[in-house]
Amino acid sequence: MIPFSKPYIPKKSFAYISEVFSSGRLAGDHAYTKKCTQFLKDNLKVEGLLLTTSCTHALEMTALLLEIQPGDEVICPSFTFSSTANAFALRGARLIFTDIEPTTMNITAALIEAAITPRTKAVCIVHYAGVSCDMKQIVEVTKSHGVMLIEDMAQAIGSTYEGKPLGTFGQLSCLSFHETKNITCGEGGALIINDSSYGFRSEIIREKGTNRAQFFRGEVDKYSWHDIGSSYLPSDLNAAFLYSQLEELQFIQNSRMTRWRQYLGNLIFLRDAGKIELPNPPSFGTHNAHIFFIKLRDIDQRTHFMKFMNEHEVKTAFHYVPLHSSNAGQKFGSFVGNDRFTTKESERLLRLPLFSELTENECQKVCELIEKYFGNQ
Ligand SMILES: *Cc1c(COP(=O)(O)O)cnc(C)c1O
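What counts, and where the lines are drawn
- Residues numbered from 1 in each chain as written.
- Predicted model: local features only at pLDDT ≥ 70, side-chain atom pairs only at ≥ 80, totals over all residues.
- Heavy atoms only, no water.
- Helix = DSSP H or I, 4+ residues; strand = E, 2+ residues; numbered from the N terminus.
- Rg over C-alpha atoms; globule rule 2.2 N^0.38 Å.
- Buried < 20%, exposed > 50% of the residue type's maximum accessible area, 1.4 Å probe, protein only.
- Contact = heavy atoms within 4.5 Å.
- Areas by Shrake-Rupley, 256 points an atom, 1.4 Å probe, with all protein chains shown as cover.
- Lys, Arg positive; Asp, Glu negative; His and termini not counted.
- Charge placed at Lys NZ, Arg CZ, Asp CG, Glu CD.
- Pairing = 2+ DSSP bridges.
- Near = heavy atom within 4 Å.
- Polar contact = N/O pair within 3.5 Å; in protein donor to acceptor, adjacent residues only side chain to side chain.
- Nonpolar A, V, L, I, M, F, W, Y, C, P; charged D, E, K, R; others polar.
- Patch = residues over 30% accessible without salt bridge, like charges linked within 9 Å, V, L, I, M, F, W, Y side chains within 5 Å.
- Salt bridge = Lys/Arg side-chain N within 4 Å of Asp/Glu carboxyl O.
- Core = buried A, V, L, I, M, F, W, Y, C linked by side-chain atoms within 4.5 Å.

**Student:** Just checking my understanding: could you explain the overall build of the protein for this structure?
**Tutor:** Summing up its helical and strand segments, the protein has 14 helices and 13 strands in all. Computed over C-alpha atoms, the radius of gyration of the protein comes to 21 Å, within 12% of the 21 Å expected from 2.2 N^0.38 for 377 residues, which places it in the range of a compact globule. Each principal axis of the C-alpha atoms in the protein carries an extent, and together these give about 75 × 55 × 35 Å. Considering the protein as a whole, with its 377 residues, one finds that 54% of them fall into the buried category. In the protein, 71% of the contacts between residues at least 6 apart in sequence involve partners at least 24 apart. Total accessible area on the protein stands at roughly 16500 Å², and carbon and sulfur atoms take up 52% of it. Averaging the coordinates of the 39 positive side-chain charges in the protein and doing the same for the 41 negative ones gives two points 2 Å apart.

**Student:** Just checking my understanding: could you explain the environment of lysine 35 for this structure?
**Tutor:** Note on placement: lysine 35 falls in helix H2 (residues 31-44). Lysine 35 sits 205 residues away from alanine 240 along the chain, and the two C-alpha atoms are 8.8 Å apart.

**Student:** Where do I start with the pairing of strand S8 (residues 172-176) in this structure?
**Tutor:** For a regular strand, side chains alternate in direction, first toward one face of the sheet and then toward the other. When you tally the buried positions in S8, you get five out of five residues, the bulk of the element. Taking every second residue as pointing to the same face, both faces of S8 are buried, with Leu172, Cys174 and Ser176 on one and Ser173 and Leu175 on the other. Bridge analysis of strand S5 (residues 148-152) against S8 gives three bridges, and the strand direction is parallel. Looking at the pairing, isoleucine 150 lines up with leucine 172 of S8. Pairing of S8 with strand S9 (residues 189-193) involves five bridges; the strand directions are antiparallel. Bridge pairing in S9 links serine 173 to isoleucine 192.

**Student:** Honestly, the site of the ligand in this entry has me stumped. Any pointers?
**Tutor:** Close contacts around the ligand come from 15 residues, with Thr56, Asp152, Gln155, Ser176 and Lys181 the closest. Within the backbone of cysteine 55, an N or O atom sits 2.9 Å from an oxygen atom of the ligand. Between the ligand and lysine 181, the relevant distance is 3.2 Å, taken from an oxygen atom to a side-chain nitrogen or oxygen of the residue. Split by residue class, the shell around the ligand holds five nonpolar, eight polar and two charged.

**Student:** Whenever I open this one, the sheet that holds strand S7 (residues 164-165) confuses me. Can you help?
**Tutor:** By definition, the strands of a sheet pair up through backbone hydrogen bonds, in either a parallel or an antiparallel sense. Spatial ordering of the open sheet is given by S7-S6-S10, a layout of three strands whose pairing is antiparallel. Whereas interior strands pair on both sides, the edge strands pair on one side only; in this sheet they are S7 and strand S10 (285-286). In the sheet, strand S6 (residues 160-161) pairs with S10 via two bridges, with the strands oriented antiparallel. Bridge assignment links threonine 160 to a residue of S10, and that residue is threonine 286.

**Student:** Explain a nonpolar patch on the surface here, please?
**Tutor:** On the surface, a cluster of nonpolar side chains totalling about 270 Å² of accessible area is made up of Phe215, Phe216 and Tyr223. Within the secondary structure layout, phenylalanine 216 lies in helix H8 (residues 212-216).

**Student:** How should the nonpolar core be read in this particular structure?
**Tutor:** The nonpolar side chains of soluble globular proteins are, as a tendency, buried together. One finds Leu51, Ile125, Met135, Ile138 and Phe177 to be the most contacted residues of the largest nonpolar core, which totals 45 residues. A total of six residues in this core trace back to one element, the largest contributor, which is helix H9 (residues 236-246). Grouped together as the second largest cluster of nonpolar side chains are 31 residues, Met61, Leu65, Phe88 and Cys174 included.

**Student:** Even after reading the chapter, I still don't get helix H4 (residues 82-89), so can you show me in this structure?
**Tutor:** H4 sits mainly inside the fold: six of its eight residues count as buried. Along H4, the residues that are buried comprise Ser83, Thr84, Ala85, Ala87, Phe88 and Ala89. Against helix H3 (55-65), strand S2 (73-77), strand S3 (94-98), strand S4 (120-126), S5 and helix H12 (327-332) lie the buried residues of H4.

**Student:** Explain the pattern of salt bridges to me, please; I cannot follow it from the model alone.
**Tutor:** Within this structure, the stated rule accounts for 17 salt bridges. Across the pair aspartate 298 and arginine 297 runs a salt bridge, and its minimum N-O distance is 4.0 Å. The class for aspartate 298 is partly exposed, based on a relative accessible area of 29%. Salt-bridge contacts for glutamate 345 lead to lysine 344; the nearest nitrogen and oxygen are separated by 3.7 Å. Residues joined in a network through salt bridges with shared partners are Glu277, Lys295, Lys344, Glu345 and Arg348.

Spatial relationships are all this shows, so hold off on functional conclusions.
Next up, the structure:
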């Protein structure tokens, strides 16, 4: 069976985790948390970054930092994971779901502008499949309307827009190290703080509302409760595993990109024959080969095709049920404008197996099966 996704376990991870056991310092913000933080700051060219327990939690920290409250509106695409919206719903915001642009499945500046009202507090964009949104236009629109820009870059580590790393455009940006992402530590994430005025409170919110981070640095001689917050810092055990992954970032990204290109090269004739659609990332950025999707005719063909692949021992996966059609989405938000693409395109999209240890032969097998399937269609 070729799995859809498989986490890479670097050899060094065992030694690093043992080191944490020996040190006896298993809580957060010890040696490996510091190493990961520095690595990510250098790699993403950002000044402020905190490791978190997940991207979901980094998004929740964002909602707390922005002081989101009932009556506020937050704009995000309907085609995203629940966490993008849930973080703001938790603080009482109303979610305003927009449509997407069908090639990238990303939100656009025009869709954002049409959704802005005097109650709009923030826009949370998603770089789907690690492919950048059109940042120049989006930064302009959010700036001119005075609304905060948040990047849900759960899928986008290492991707760029016009040479700049993603995560550097929003006031705050959120990364994921979940098992299914390019770089993982099982469960984990990071909050990027590009607006330094959020620096102090972000440390407090992450440490149960206390100024323990200041105390650790020796800046104060005791710490106490300062503000509301939660426990958003990962164990150094998780950070030790994460560091072993970060050291192999180039290997992981390059291997994924090699397979991504293999899929594209092998399947392009099916696209040219009008049988399927393939990703076509815009030239204004570079992506990180997080997802390789194909688009089929409709949901019925997709179901049929998935079954065929499964019978031939290849796991494929569709993606989000649009949030505006979910139970919670209907309770906490509403769709603005016409659903021209969200429902239709999400029903056609299917993700192929992609992970750093997927072999050339396995990728070839997947492509041959696809060819066989469409030869009979
Ligand atoms: C994976 C993902 C998340 C959630 O990340 P966790 O680290 O699992 O909390 C949020 N948003 C998007 C777009 C994702 O792909």
